[in-house]
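Remarks on the overall topology
Residues per chain, in single letters:
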Amino acid sequence: MSKQVRQLDRVVIRFAGDSGDGMQLTGDRFTSETAAFGNDLSTLPNFPAEIRAPQGTMAGVSSFQLHFADHDIMTPGDRPDVLVAMNPAALKANVADMPRGGTIIVDSHDFTKRALAKVGYEASPLEDGSLDAYQVHEVDLTGLTLGALEGSGLSRKDAGRAKNMFALGLLSWMYSRPTEGTERFLRKKFATKPTIAEANVAAFRAGWNFGETTESFSISYEVKPAAMTAGTYRNISGNLALSYGLIAASQRSGLPLFLGAYPITPASDILHELSKHKRFGVRTFQAEDEIAGIGAALGASFGGALGVTTTSGPGIALKSETIGLAVSLELPLVVVDVQRGGPSTGLPTKTEQSDLMQAMYGRNGEAPVPVVAPRSPADCFWAALEAARIALAYRTPVMLLSDGYLANGSEPWLIPDVDDLPDLRVDFATELNHTDAKGEAEYWPYLRDPETLARPWAVPGTPGLEHRIGGIEKADGSGNISYDPANHDLMVRTRQAKIDGIARSIPPIEVDDPSGEASVLVLGWGSTHGPIGAACRRVRAAGQQVAQAHLRHLNPFPANLGEVLGKYEKVLIPEMNLGQLSMMVRARYLVDAIAYNQVRGLPFRAEELADVITNLISDTDGE
Amino acid sequence: MTDTVETPGITGGVADLGIPALRHVPKTDEPQKTADFKSDQEVRWCPGCGDYAILAAVQGFLPQLGLKRENIVFVSGIGCSSRFPYYLNTYGMHSIHGRAPAIATGLSASRPDLSVWVVTGDGDALSIGGNHLIHALRRNVNLKILLFNNRIYGLTKGQYSPTSEVGKITKSTPMGSLDYPFNPVSLALGAEATFVARTIDSDRKHLTSVLRAAAEHEGTALVEIYQNCNIFNDGAFDVLKDPSTRDDWLLRMEHGQPLRFGSEGSRGVVRDPSTGGLRVADVAEVGTDALVVHDAHTDDPSYAFALSRLSGQDLAYTPIGVFRSVERPTYDELMTNQVETAQGASDADSATGLTALLRGNDTWTVV
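On a predicted model such as this, the values are computed, not experimentally measured, just so you know. (Residues numbered from 1 in each chain as written. Chains lettered and ligands numbered in written order. Predicted model: local features only at pLDDT ≥ 70, side-chain atom pairs only at ≥ 80, totals over all residues. Heavy atoms only, no water.)

Okay, the overall build of chain B next. Along chain B, the regular secondary structure elements total 13 helices and 12 strands. With respect to the three principal axes, the spread of C-alpha positions in chain B is 90 × 45 × 45 Å. Looking at chain B residue by residue over its 367 residues, the buried ones come to 57%. Residue pairs in contact within chain B that sit at least 24 positions apart in sequence constitute 69% of those at least 6 positions apart. Total accessible area on chain B is roughly 14700 Å²; 51% of this is exposed by carbon and sulfur atoms. For chain B, the distance from the average position of its 32 positive side-chain charges to the average position of its 43 negative side-chain charges is 5 Å. (Helix = DSSP H or I, 4+ residues; strand = E, 2+ residues; numbered from the N terminus. Buried < 20%, exposed > 50% of the residue type's maximum accessible area, 1.4 Å probe, protein only. Contact = heavy atoms within 4.5 Å. Areas by Shrake-Rupley, 256 points an atom, 1.4 Å probe, with all protein chains shown as cover. Lys, Arg positive; Asp, Glu negative; His and termini not counted. Charge placed at Lys NZ, Arg CZ, Asp CG, Glu CD.)

What follows is the structure, given as structure tokens:
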């Protein structure tokens, strides 16, 4: 039987099931095959904080969304074209996101009265007509998997666990994905359990063959590879890219990397990753708490290492006092905040941008800290290098604001040539730098570089430069304890001027305004870059003009930001918080910026942002 | 001050363990003197403070180690004692309240060539920083922690501390404090610290001998130093200093020697079969053969713990000297070993290694 093959330019698939069903693994594998095939892609894992929430409940649903295309795309997609639901809970939790006409593949095996009742279905949605708006494929994925694995020697329970691979096989057939990589992966993952490995491979193949032979799937699809800049690519998640950026910064600065960290979602993967790379001289210290994590990193910085601490919002709250100490000591330190929903424990596995104010101002006293934010998963690599550059050149703690979406989402990354990475070498102080009143040479730890205002970095072990630093206010130059009012005023202003001066080393903000005639500018920061960009494309495709600009540096702002803002009639600032950047922009530039805010724990939908932009354009141009 | 300190129980014991302590720290050929370790900063403790005696002892003792001065670092927290680093001409950091052990851990673990010292107080180490203290001790980071215990909060002007006796009348406890105190030595032993000692600010010779033993220990050394705050808790340790009482209250422990004290050696420490611990007995009653011979190298920390429990809140009885000194690999060394093992297993240079890392195993090429 030869089946029809249809060409598509883009597809959004969402795999959803119980948190024990292996949906993240299934999504990861589909992603790898899609990346290897050469599509552009973007992913959105979404899972509960509980490791194993009660089976079959709405709270336990875990999902993985993947958007892939034959052209460059910016988001994991607003609404899935295809939903794979492994049980009634997964269907119920996700069906509202499906567009009319979308495809739903359900594992009908678990649509029992009891399972339905558990999530509040009175009648089976497969029978009561409530899914009439969709193309529903009822497939007994579990039963077919059990059938395929008969005689494998596995218990019924173990065999049933391979149903995710059956589903992956089916979807791989539907979208003409290569399969060799997954088979290789399974054999490697279960190398010590060959029976399990072969069962998973068998289930995966059975899923593929099911698609190929069954009458119920008559069409398969092809999404051609995307035209991308020439080069070698890999798929990479934000936390991995950030870890690599830190290792690259260590290599390019010639300083050993020291990570002090306490496990916290969604930042722990950075600790896990860096702990694998001791061969690069990386030392990772799993501390007794968040405070010890940053304390140890700061101690290592004092000793001449590239000190780094990684955490999420609650951890930053605990580290605040030590960040203030680092501001006072003027030592390099990279503080990574992978933001999640707050306040308090909030939504540990969901994304948010609500720590900007904490990063900016969450300390006692005037304690300015540079703030850098990546815009996409792969961009976490470059943002980490930039944070390290600022920390090392200006001897200051730097806040690197990633978020849960960037951390776990992934996209293709054009792998850079190591020789093209920025040179981050620093000179440690080795010589006395001042002459006292008696004409004798001495060392002044707070004698600043006239250009950067950075103080010299003399590390222990350097003869003749023994000195003491600390959190008590220091006299300008000599670094002795000083309670002099004028000196304190000078030091506060000087520390601020040092951070403000970083603006001279950062590129001007670029504006994407293809026609040059837009009256509305959309300004964003961090992970909203994709949704804002996709929304702007939609608006332009509908024949309207809109400009987009995105901030990497939140403190200091690029020098030309005020000028850029002044060129537009309206400035729209969408954020996954209640308006933190817009408050900063309004305060700093007296611009009547319009905030558009959501704190749903999920990225913006491009469609929705496009509506907001379109409405604003018609208001503006209609005035 | 002579180069050798006459405390055979301590120094001899450490040498017996064969720990080549401080082997990673560069030595100097040039003779050092006390003045070399004095900074140019004016010392600002209250006149009569016990801290002066400890500072003088440390400045006098550091030259004995023969280490390059630039490879010595003092890290402190917050409190009167934590001003200590400013007065020593070494590298130093005056950090934040309670966090010195954490900061020093990062420094020591990343720089095995440094001799890292922590100066802290009873509030700093046991109250706000209690967590960092116990974790540094259990990890056996190569730190020398000097805990100045004056049983009061001095810098905040006289509130009770976590080592104050129950019922202490202070500004914050006008009807007497309710909290049962920590015994710092017991706490450290509970965390299985590899080196725990106690000494007193007023006994320069004993203080110096304990500092030296701590310096020679490879791993975390906790030294509790009873220190008089003459402003807010004056005379807190007088019973251990007054010639009329000290012999009956103070038990000087020496490794390999029977635990005997009191005027004319009338008292001693014996095993107490009813509790499994130790107790103080009259030698006349139990005989000299029953006295416990001090062994600081007993691996099981419960012996040293039992010694620490001889003291009550009223300081009767107070053993001083080294409670415990045992060998266990340091955190710093173990961490360095892992890094070196990983580096030894790879033959690629770092640039090639970085390229390979960034590429990973799953790439595709667009032409």
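So that's the structure; there's more coming.
Right, let's get into the packing of helix α7 (residues 180-189) of chain A against helix α8 (residues 194-213) of chain A. Residues and elements named next belong to chain A. Their axes nearest at 8 Å, the elements α7 and α8 cross at an angle of 160 degrees. With respect to their mutual orientation, α7 and α8 come out roughly antiparallel. Judged by the sense of rotation from one axis to the other, the crossing of α7 with α8 is right-handed. Contact with α7, carried on its side by Thr 182, Glu 183, Leu 186 and Arg 187, involves Ala 197, Glu 198, Asn 200, Val 201, Phe 204 and Arg 205 of α8 and no other residues of that element. Of the residues belonging to the contact of α7 with α8, the class tally is 4 nonpolar, 2 polar and 4 charged. (Axes fitted to C-alpha atoms, helices over the stretch in contact; angles between N-to-C directions. Parallel < 35°, antiparallel > 145°, perpendicular 65-115°, else oblique. Left-handed = near helix turned anticlockwise from the far one by under 90°. Nonpolar A, V, L, I, M, F, W, Y, C, P; charged D, E, K, R; others polar.)

Right, let's get into the domain arrangement of chain A. Interfaces are frequently sized by the accessible area removed from exposure as the parts join. Residue and element names in this part refer to chain A. Split by domain assignment, chain A resolves into domain 1 (4-223), domain 2 (235-420), domain 3 (427-505) and domain 4 (511-622). Relative placement of domain 2 and domain 4: their C-alpha centres are 27 Å apart. Listed per partner, the contact involves 27 residues of domain 2 and 22 residues of domain 4. Here domain 2 packs against domain 4, burying approximately 2100 Å² in sum over the two surfaces, 59% of which is carbon and sulfur. The tally of links between domain 2 and domain 4 comes to 1 salt bridge. Asp 379 is the salt-bridge partner of Arg 552, the closest N and O atoms lying 2.6 Å from each other. Counting the contacts that link domain 2 with domain 4 gives 15 residue pairs in polar contact (both at pLDDT 80 or more). Contributions of two or more residues to the side of domain 2 that touches domain 4 are made by α13 (356-361), β14 (371-372), α14 (379-394), β15 (397-403) and α15 (404-408). Ranked by residues supplied to the side of domain 2 that touches domain 4, first place goes to α14 with 5 residues. In terms of residue class, the side of domain 2 that touches domain 4 is made up of 16 nonpolar, 4 polar and 7 charged. (Domains from an automatic or database assignment. Buried area = accessible area lost by both parts, 1.4 Å probe. Salt bridge = Lys/Arg side-chain N within 4 Å of Asp/Glu carboxyl O. Polar contact = N/O pair within 3.5 Å; in protein donor to acceptor, adjacent residues only side chain to side chain.)

Attention now goes to the sheet that holds strand β9 (residues 267-272) of chain B. Residues and elements named next belong to chain B. Pairing within the open sheet is antiparallel, and its 3 strands lie in the order β8-β9-β10. For this open sheet the edge positions go to β8 (260-261) and β10 (277-282), each flanked by a neighbour on one side alone. Relative to β10, β9 runs antiparallel, the two being bridged by 6 bridges. In the sheet register, Arg 271 faces β10, and the bridge partner there is Leu 278. (Pairing = 2+ DSSP bridges.)

This part takes up the environment of Leu144(A). All names here are of chain A. Residue position: Leu 144 is located in helix α4 (residues 141-148). The class of Leu 144 is partly exposed, set by a relative accessible area of 31%. Each C-alpha atom, one on Leu 144 and one on Gly 160, is 9.3 Å from the other, the two residues being 16 residues apart in sequence. What Leu 144 contacts, discounting residues up to four positions off in sequence, is Val 139, Phe 166 and Phe 210.

Moving on, we get to the pattern of salt bridges. Under the definition given, this model contains 34 salt bridges over all chains. In this structure, the salt-bridge partner of Arg23(B) is Glu333(B), at a minimum N-O distance of 2.8 Å. Remark: Glu333(B) occurs in helix α12 (residues 331-344) and Arg23(B) occurs in the loop between α1 (8-17) and α2 (50-65); sequence separation between them is 310 residues. Since its relative accessible area comes to 38%, Arg23(B) is described here as partly exposed. When salt bridges with common partners are traced through the structure, they connect Glu183(A), Arg187(A), Glu198(A) and Arg205(A) into a single cluster.

The relative placement of two aromatic rings is captured by the distance of their centres and the angle of their planes. In the structure shown here, the tally under the stated rule is 23 aromatic pairs over all chains. Ring geometry for Phe166(A) and Phe210(A): centres 5.8 Å apart, planes at 50 degrees, overall tilted. You can see Phe166(A) sitting in helix α6 (residues 163-174) and its partner Phe210(A) sitting in helix α8, a full 44 residues away along the chain. Here Phe166(A) and Phe210(A) have matching classes, each one buried. With a centroid separation of 5.9 Å and an interplanar angle of 15 degrees, the aromatic rings of Tyr233(A) and Trp364(B) are classed as stacked. Residue Tyr233(A) is found in strand β9 (residues 231-237), and its partner Trp364(B) is found in strand β12 (residues 363-366); the two belong to separate chains. The buried category is assigned to Tyr233(A), whose relative accessible area is 5%. On the basis of relative accessible area, Trp364(B) is assigned to the buried category, the value being 8%. (Phe/Tyr/Trp six-rings, centres within 6.5 Å; stacked < 30°, edge-to-face > 60°.)

It is worth spelling out the state of the cysteines at this point. Residues and elements named next belong to chain B. According to the stated counting rule, one finds 0 disulfides over all chains in the structure shown. For the unlinked cysteine Cys 49, the closest cysteine sulfur is that of Cys 46, found at 6.3 Å. Assessed through its relative accessible area of 12%, Cys 49 is described here as buried. (Disulfide = S-S within 2.5 Å.)

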